[in-house]
Amino acid sequence: MIRKLSLGAWTLLFVPGFASAPWAASYGTFMDPSGTVTYEDVADINGLYGAPQVSLNSLDFTPVGFSAQCSQCPGGVSTSDTLTLNIQATEGQQISEITVNEGLDYTLQSFDAAGFASVVIVANVFIDVLEINGVSVINVIANASMVFTQNGEYETDDEGTGTFIWEGSLMIDVDTVIADAGEIGRATLVSISLGNTLTAFAESGATARIEKKDFDGLAITV
């Protein structure tokens, strides 16, 4: 467990330290070269996910400055962003499953025996099915939390010090979302909202950093 830090799914802590949040960004629309779907109205609140690239049936992001880091910050410091987009199936296609993968690295340092540091990653995904078989629907919704290695909590007491890789994944069965809502058919238009919060915590004599960047920062696959 994390000491001296209470973190709910959407907790934000802003205290002295480094937490980047540049500006809102709208990236526009991207056509899947495989002809399966179109990613529409791709945007994020703080501009931290970075402009995406489309490859086959995936939309890949390389986050820019999406990190939380601090030295001797017992109150913790957090950085958050929310990504939104619509996924429109092309004619004759349906959306049955969506997979979200993300990761990269974190660093924990302790300069004396008592120095404790930790980092936490939380990612919540909200899905709203807007069309079934091309017909508009309402209240076909679901939400889930991404599953990370070590439950998304990393600390010097368990992982030790150094730089480590972290990964997270979530598979959304859109057919099940539709069935659970009492509807029949296949999704042709889906809205997704992905919220990420990174938190770093360090007692006296320690530093912590967690960052999404470079390769496999975030990939959404249909």
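To keep things clear, this report deals only with the structure shown in the data block. In this convention, every chain numbers its residues from 1, walking through the sequence in written order. Per-residue local features of the predicted model are confined to residues with pLDDT of at least 70, and side-chain atom pairs are confined, for both listing and counting, to 80 or more; whole-chain, interface and lining totals are unaffected and use all residues. Only heavy atoms go into the side-chain values, all of them from the structure, while hydrogens and water stay out.

### Describing the packing of aromatic side chains
Next, step 1: Aromatic rings from Phe, Tyr and Trp, with only the six-membered ring used for Trp, were paired whenever their centres fell within 6.5 Å, and each pair was classed as stacked if the ring planes differed by under 30 degrees, edge-to-face if by over 60, and tilted otherwise. Within this structure, the stated rule accounts for six aromatic pairs.
Next, step 2: Between Tyr 49 and Phe 66, the ring centres sit 5.5 Å apart and the planes meet at 85 degrees, which makes this aromatic pair edge-to-face. Placement of the pair is Tyr 49 in the loop between strand E3 (37-44) and strand E4 (53-55) and Phe 66 in strand E6 (residues 66-89), with a sequence separation of 17 residues. For the pair shown, Tyr 49 and Phe 66 are each scored as buried.
Next, step 3: On the basis of an interplanar angle of 20 degrees and a centroid distance of 4.5 Å, the ring pair of Tyr 106 and Tyr 154 is categorised as stacked. Of the two residues, Tyr 106 is situated in strand E7 (residues 97-110) and Tyr 154 in strand E12 (residues 153-155); the sequence distance between them amounts to 48 residues.
Next, step 4: Following the ring pairs from residue to residue traces out a cluster consisting of Tyr 49, Phe 61 and Phe 66. In this text, helices come from DSSP runs of H or I with a minimum length of four residues, and strands from runs of E with a minimum of two, each type numbered from the N-terminal end. Residue exposure (1.4 Å probe, protein chains only): buried if accessible area is under 20% of the type maximum, exposed if over 50%, otherwise partly exposed.

### Re the pattern of salt bridges
Between side chains of opposite charge, a pair can form when the charged atoms approach closely.
Next, step 1: Between Lys or Arg on one side and Asp or Glu on the other, a salt bridge is scored when a side-chain nitrogen of the former is within 4 Å of a carboxyl oxygen of the latter. Scanning the model with the defined rule gives four salt bridges in all.
Next, step 2: In this structure, the salt-bridge partner of Lys 212 is Glu 102, at a minimum N-O distance of 2.2 Å. Of this pair, Lys 212 sits in strand E14 (residues 187-212) while Glu 102 sits in strand E7, placing them 110 residues apart in sequence. There is no split in this pair, since Lys 212 and Glu 102 are both buried.
Next, step 3: Here Arg 186 ties to Asp 175 by a salt bridge, and the two come within 3.0 Å at their closest N and O atoms. Here Asp 175 lies in helix H2 (residues 174-180) and Arg 186 lies in the loop between H2 and E14, a separation of 11 residues in the sequence.
Next, step 4: For Arg 186, a relative accessible area of 33% puts it in the partly exposed group.
Next, step 5: Assessed through its relative accessible area of 27%, Asp 175 is described here as partly exposed.
Next, step 6: One continuous salt-bridge network, built from bridges that share partners, spans Asp 105, Arg 209 and Glu 211.

### Some remarks on the pairing of E14
Next, step 1: Here E14 lies mainly inside the structure; 23 of its 26 residues are buried.
Next, step 2: Each pair of strands is called paired provided DSSP finds at least two bridges between the two strands. Examined bridge by bridge, E6 and E14 share 19 bridges and lie antiparallel to one another. Each bridged residue has a counterpart across the sheet, and for Thr 79 the counterpart in E14 is Leu 198.
Next, step 3: The pairing of E7 with E14 spans six bridges and is classified as antiparallel. Counted as the bridge partner of Tyr 106 is Ile 210 from E14.
Next, step 4: Here 15 bridges tie strand E8 (residues 117-132) to E14, and the two strands are oriented antiparallel to one another. Across the sheet, the residue bridging to Val 129 is Val 190, located in E14.

### Brief notes about the nonpolar core
Next, step 1: Among buried residues, those of type Ala, Val, Leu, Ile, Met, Phe, Trp, Tyr and Cys that are joined through side-chain atoms within 4.5 Å constitute a nonpolar core. Membership of the largest hydrophobic core comes to 56 residues, with the highest contact counts inside it found for Ile 95, Ile 98, Val 129 and Val 174.
Next, step 2: With residues near it in sequence (within four places) discarded, Ile 98 still touches Ile 87, Ile 127, Leu 170, Met 171, Ile 172, Val 174, Val 190, Ile 192, Ile 220, Thr 221 and Val 222. Note on contacts: a residue pair qualifies if any of its non-hydrogen atoms lie within 4.5 Å across the two residues.

### Here we look at the environment of Gln 88
Next, step 1: Secondary-structure assignment places Gln 88 in strand E6.
Next, step 2: Along the sequence, Gln 88 and Ala 187 sit 99 residues apart, while their C-alpha atoms lie 9.0 Å from each other.
Next, step 3: If we skip the residues at most four places from it in the chain, Gln 88 touches Thr 36, Val 37, Thr 38, Glu 40, Glu 131, Thr 188 and Leu 189.
Next, step 4: Here a polar contact is recorded for every N or O atom pair within 3.5 Å, except that within protein the pair must consist of a potential hydrogen donor and a potential acceptor, and residues adjacent in sequence are included only if both atoms are side-chain atoms. Of the polar contacts made by the side chain of Gln 88, one reaches the backbone oxygen of Thr 188; its length is 2.9 Å.

### Considering the pairing of strand E13 (residues 162-173)
Next, step 1: Two strands pair when backbone bridges link them, and E7 and E13 are joined in this way by 12 bridges, in the antiparallel orientation. Residue pairing across strands places Leu 108 opposite Gly 162, the latter belonging to E13.
Next, step 2: Pairing between strand E11 (residues 147-148) and E13: two bridges, direction antiparallel. Counted as the bridge partner of Val 147 is Ser 169 from E13.

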